[in-house]
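Report on the structure
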Amino acid sequence: MDKIKIGLIGFGTIGSGVVQILASSRKTIRQRLGAEVEIVKIADLDITTDRGVEVDSGMLTTHADEVLEHPEVDVIVELMGGYEPARTFLLKAVSCGKHVVTANKALLAKHGDELFTAVEDNHVSIGFEAAVGGAIPIIRSIKESFVANEISTVEGIVNGTANYILSKMSDEGCDFDVALKEAQQKGFAEADPTFDIEGIDSAHKIAILARLAFGTPVNFDDITVQGISGITSGDIECAREFGYRIKLLAISKFDGKSVDIRVHPAMIPQSHPMASVNGVLNAIRVCDGWMGENILVGHGAGSLPTGSAVIGDIVEIARGILSGAKDRLPAQSFRKSEMRSIPIMNIQEIDSEYFLRLSVQDTPGVLSRISGILGDHSISILSVIQRGRAESGSGVSLIMMTHRANEKDIQLALKEIDGLNVVCAKSNFIRVEN
Ligand code: HSE
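Note that the coordinates shown come from a computational prediction; the quantities given were computed from them, not determined experimentally. (Residues numbered from 1 in each chain as written. Predicted model: local features only at pLDDT ≥ 70, side-chain atom pairs only at ≥ 80, totals over all residues. Heavy atoms only, no water.)

With respect to the overall build of the chain
The helix and strand tally for the chain stands at 14 helices and 17 strands. Computed over its C-alpha atoms, the radius of gyration of the chain comes to 24 Å, within 12% of the 22 Å expected for a compact globule of 434 residues. The principal-axis extent of the C-alpha atoms belonging to the chain is close to 85 × 45 × 35 Å. Burial analysis of the chain (434 residues in total) assigns 53% to the buried set. Counting only carbon and sulfur atoms, one obtains 48% of the accessible surface of the chain, whose full area is about 18600 Å². With 42 positive and 57 negative side-chain charges, the chain shows a spacing of 3 Å between the two charge centroids. (Helix = DSSP H or I, 4+ residues; strand = E, 2+ residues; numbered from the N terminus. Rg over C-alpha atoms; globule rule 2.2 N^0.38 Å. Buried < 20%, exposed > 50% of the residue type's maximum accessible area, 1.4 Å probe, protein only. Areas by Shrake-Rupley, 256 points an atom, 1.4 Å probe, with all protein chains shown as cover. Lys, Arg positive; Asp, Glu negative; His and termini not counted. Charge placed at Lys NZ, Arg CZ, Asp CG, Glu CD.)

Written out as structure tokens, the structure is:
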């Protein structure tokens, strides 16, 4: 019986999930692969904490080089996260002719060009299914199932922490801080939740998906990123009244000329399938002219869902090794020679419908002054709600939905509106994705 030998760097949440699944699914994997998958060395700076899985203590090391330079290792699995030293370790593995599997979305989003080039130049394979959407097979779907599809849109809910918080705010009417605290207590949100709640994690993931779907490198810094920390329970309540739910969306769309790529909270109709994807679940929607719309839903995080995606990659690479077809799939979905640099659309160029939340004095003529400014910027109002009557000195909320308008016009109009002496606080807007 053949054996495929694995070296693991990073023995945290996902690493221990990989060890657990490999131990429990030994027979299933052998039945499907026709070979054994065996971990021979595991490196982590902390090798004393109990990970809840059994490993031979001789297998553990604090020196990553013992994994990278292990002569028997066929596949290096990097699950430590972060930019460095993960980048250095993966480049070293690849230059030594080892295949690699990683769940490191931040690294792929920021240093994808360098890593993919190294993989292609060294004729090894890279698996990174676990980097986006945990157990959802979106990378494999784009690379293999949608190979004949001119993808126009890849978008979705790709951060479980943010989705949990927004779902809780929607279902229980609680404030952002309360929902975040509960997410932390339940272990869904990190002690420092910045990457998740400020949209950075989602931006890493959409940078990877856009690269594969459209065949273009994406400069991470060109992505407009806005998180959910400014969303109030009032926004969520108004969204509900208008028939919408607020979700943190990672969006990428290709119109044949440029890529519109952005992460921000968005209102989506309550009837849309993604509106009912709640809690820590993720959903990714892929559209094209042949299949129409395809939505994949599942667990985007967690030891076992993400661990199972890592093992799917290991087995795919093992099949390549055993059959001698290790370069079968282009690392970036498109062949290296076919990758092109597609311009990224400036957010100011997009058209959308908008939800506007203004705080204004409740006096005659205010609405006409505001609608006048919106009209001057070619923004047409779909509906308006005013909330309550003001106590003396404080503002009332004026909520508006617009017809499709240009982002630059919206930003200019709100700047002008915020300069009016009848406006009590900075105005806010949320894009509506219908
Ligand atoms: N922190 C991510 C999330 C999971 O909350 O979805 C890992 O990508």
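Additional details are given in the paragraphs that follow.
Notes on the site of the ligand
The ligand sits among Lys105, Asn159, Gly160, Thr161, Asp196, Asp201, Lys205 and Ala301. Here Lys105 contributes a side-chain N or O atom positioned 2.5 Å from an oxygen atom of the ligand. Side-chain polar atom of Asn159 to an oxygen atom of the ligand: 3.5 Å apart, as the coordinates give it. Protein chains bury 82% of the 260 Å² of accessible surface belonging to the ligand in isolation. For the shell around the ligand, the secondary structure elements donating two or more residues are helix 7 (160–172) and helix 10 (200–214). Broken down by class, the residue content of the shell around the ligand amounts to one nonpolar, three polar and four charged. (Near = heavy atom within 4 Å. Polar contact = N/O pair within 3.5 Å; in protein donor to acceptor, adjacent residues only side chain to side chain. Nonpolar A, V, L, I, M, F, W, Y, C, P; charged D, E, K, R; others polar.)

Some words on the pairing of strand 5 (residues 99–102)
Burial of strand 5 is two-sided: the residues His99 and Val101 facing one way and the residues Val100 and Thr102 facing the other way are all buried. Alignment of strand 4 (residues 75–78) against strand 5, held across four bridges, turns out to be parallel. Bridge pairing in strand 5 links Val75 to His99. Viewed along the sheet, the connection from strand 4 through helix 4 (residues 86–95) into strand 5 turns out right-handed. As paired strands, strand 5 and strand 6 (residues 126–127) are joined by two bridges and run parallel to one another. If you follow Val100 over to strand 6, its bridge partner there is Ile126. Viewed along the sheet, the connection from strand 5 through helix 5 (residues 105–121) into strand 6 turns out right-handed. (Pairing = 2+ DSSP bridges. Right-handed = clockwise from strand over helix to strand, strands pointing away.)

With respect to the sheet that holds strand 3 (residues 60–61)
Reading across the sheet, the six strands line up as 3-2-1-4-5-6 and stay open at both edges, with parallel pairing between neighbours. The open sheet has two edge strands, strand 3 and strand 6, and neither has a second partner. Of the pairings in the sheet, the one linking strand 2 (residues 35–43) to strand 3 comprises two bridges and is parallel in character. Note that in strand 3 the partner of Ala43 across the bridge is Thr61.

What about the environment of Gly10?
Mapped onto the elements, Gly10 comes out in the loop between strand 1 (2–9) and helix 1 (13–24). Assessed through its relative accessible area of 4%, Gly10 is described here as buried. For the pair Gly10 and Gly82, spaced 72 residues apart in sequence, the C-alpha to C-alpha distance is 11 Å. Not counting the four nearest positions on each side in its chain, Gly10 is found in contact with Gly15, Ala43, Asp44, Leu79 and Met80. (Contact = heavy atoms within 4.5 Å.)

Concerning the packing of aromatic side chains
For the structure on display, the rule yields five aromatic pairs. Judged by centre distance (5.5 Å) and plane angle (45 degrees), the ring pair of Phe214 and Phe254 falls under tilted. You can see Phe214 sitting in helix 10 and its partner Phe254 sitting in strand 9 (residues 244–254), a full 40 residues away along the chain. A relative accessible area of 19% places Phe254 in the buried class. Geometrically, the ring pair formed by Tyr354 and Phe429 is edge-to-face, given 5.7 Å between the ring centres and 70 degrees between the ring planes. (Phe/Tyr/Trp six-rings, centres within 6.5 Å; stacked < 30°, edge-to-face > 60°.)

Let's talk about the pattern of salt bridges
Tallying each qualifying case throughout the model produces 32 salt bridges. In this structure, Glu72 engages Lys5 in a salt bridge whose closest nitrogen and oxygen atoms are separated by 3.0 Å. Taken together, the residues span a long stretch of sequence, with Glu72 in the loop between helix 3 (64–68) and strand 4 and Lys5 in strand 1 at a distance of 67 residues. Among the ionic pairs, Asp235 bridges to Arg357, the shortest N-O distance being 2.3 Å. (Salt bridge = Lys/Arg side-chain N within 4 Å of Asp/Glu carboxyl O.)

Structural notes on the side chain of Asp235
Inspection of the secondary structure assignment puts Asp235 in helix 11 (residues 233–242). Residues contacting Asp235, with those up to four places away along its chain left out, are Gly230, Ile246, Met267, Phe355, Arg357 and Ile430.

Thoughts on the packing of helix 7 against helix 11
The geometry of helix 7 relative to helix 11 is characterised by a closest axis approach of 9 Å and an angle of 70 degrees between their N-to-C directions. Considering the angle they form, helix 7 stands roughly perpendicular to helix 11. For the pair helix 7 and helix 11, the sense of crossing is right-handed. For the pair helix 7 and helix 11, contact is made by Leu166, Met169 and Ser170 and by Ser233, Ile236 and Arg240, respectively. (Axes fitted to C-alpha atoms, helices over the stretch in contact; angles between N-to-C directions. Parallel < 35°, antiparallel > 145°, perpendicular 65-115°, else oblique. Left-handed = near helix turned anticlockwise from the far one by under 90°.)

Examining the packing of helix 7 against helix 8 (residues 176–185)
Contact pair helix 7 / helix 8: the axes reach a minimum separation of 9 Å and the direction vectors enclose 130 degrees. Considering their axes alone, helix 7 and helix 8 lie oblique with respect to each other. When the axes of helix 7 and helix 8 are compared, the crossing they make is right-handed. Contact with helix 7, carried on its side by Tyr164, Ile165, Lys168 and Met169, involves Phe176, Ala179, Leu180, Glu182 and Ala183 of helix 8 and no other residues of that element. When its residues are assigned to classes, the contact of helix 7 with helix 8 shows seven nonpolar, no polar and two charged.

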